[in-house]
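Each chain, letter by letter, is given below.
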Amino acid sequence: MSFFIEIDGWRSNIRFSSAHIIPEYEKCGRLHGHTYSVHVKVSGLPDKKGIILDFSILKDILREIVNELDHRILIPQKNNAVNIIKEKNSVKVSTLGKDYVFPLNDCVFLPIDSTSAENLAALILEKILNKITLPDNVENIEIGVDEGYGQGARVTKKF
Ligand SMILES: [Zn+2]
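## Thoughts on the coordination of the zinc ion
Within the first shell, the zinc ion binds the protein through H20 (NE2), H32 (NE2) and H34 (NE2), at distances of 2.0 Å. Here the donor residues for the zinc ion map to a single chain with the spacing H-x11-H-x1-H. Remark: H32 occurs in strand β3 (residues 32-44) and H20 occurs in strand β2 (residues 15-20); sequence separation between them is twelve residues. Using a relative accessible area of 0% as the deciding quantity, one classes H20 as buried.

Written as structure tokens, this is what we have:
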């Protein structure tokens, strides 16, 4: 037998609404937004209490992570096509020959080169693993980020 637990971000309300720019694609090179949801699937053997991992621990961590991203502008810090100049209270983001100026507090700076659903999923996985020590019975974790309902990216890590 194999087991997994699953959290569906749409139905469990693990969501965030954010704006971004993806300079690599013409249409996505204009500032636009999505409502994202985050999904998790954890595979492994149930422990003596019959559980793989406590849902509530996982959901609390996910809520913390999505709250940091919610209602913000997602800025990829590692994109060579995006020039970021931080001032005291604002940030100027230049890309594709256009300049955007945002209030600093409205932005979140992410250590990725593109705010694709794939990269956001990998980043969220990393953040989860920094916040929790998974028990030995966990064999695999999968993180999904949906960019709107019905499309998204998944990333998995085996232990
Ligand atoms: Zn987009």
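## Topic: the packing of aromatic side chains
One pass over the full model with this rule turns up three aromatic pairs. Above the plane of the ring of F4 lies K41, whose end atom (NZ or CZ) is 4.2 Å from the centre. The side chain of K86 reaches across the aromatic face of F109, ending 4.0 Å from its centre.

## Quick look at the layout of surface pockets
For the largest pocket, the calculated volume is near 240 Å³. As for the largest pocket, its lining consists of 14 residues, and the residues nearest its centre are H20, I22, C28, H34 and E147. Counting residues per element, the ones that place at least two in the lining of the largest pocket are β3, α2 (117-131) and β10 (152-158). Tallied by class, the residues present in the lining of the largest pocket amount to five nonpolar, six polar and three charged.

Procedures and definitions
- Residues numbered from 1 in each chain as written.
- Predicted model: local features only at pLDDT ≥ 70, side-chain atom pairs only at ≥ 80, totals over all residues.
- Heavy atoms only, no water.
- Donors = N, O, S within 2.8 Å, 3.2 Å for Na, K, Ca; no water.
- Helix = DSSP H or I, 4+ residues; strand = E, 2+ residues; numbered from the N terminus.
- Buried < 20%, exposed > 50% of the residue type's maximum accessible area, 1.4 Å probe, protein only.
- Phe/Tyr/Trp six-rings, centres within 6.5 Å; stacked < 30°, edge-to-face > 60°.
- Lys NZ or Arg CZ within 6 Å of the ring centre and 35° of its normal.
- 1 Å grid on protein atoms, 1.4 Å probe; cavity = no way out; pocket = protein on both sides within 12 Å on 5 of 7 lines; lining within 4 Å.
- Points joined across faces, edges and corners; volume = space filled by probe spheres on them.
- Nonpolar A, V, L, I, M, F, W, Y, C, P; charged D, E, K, R; others polar.

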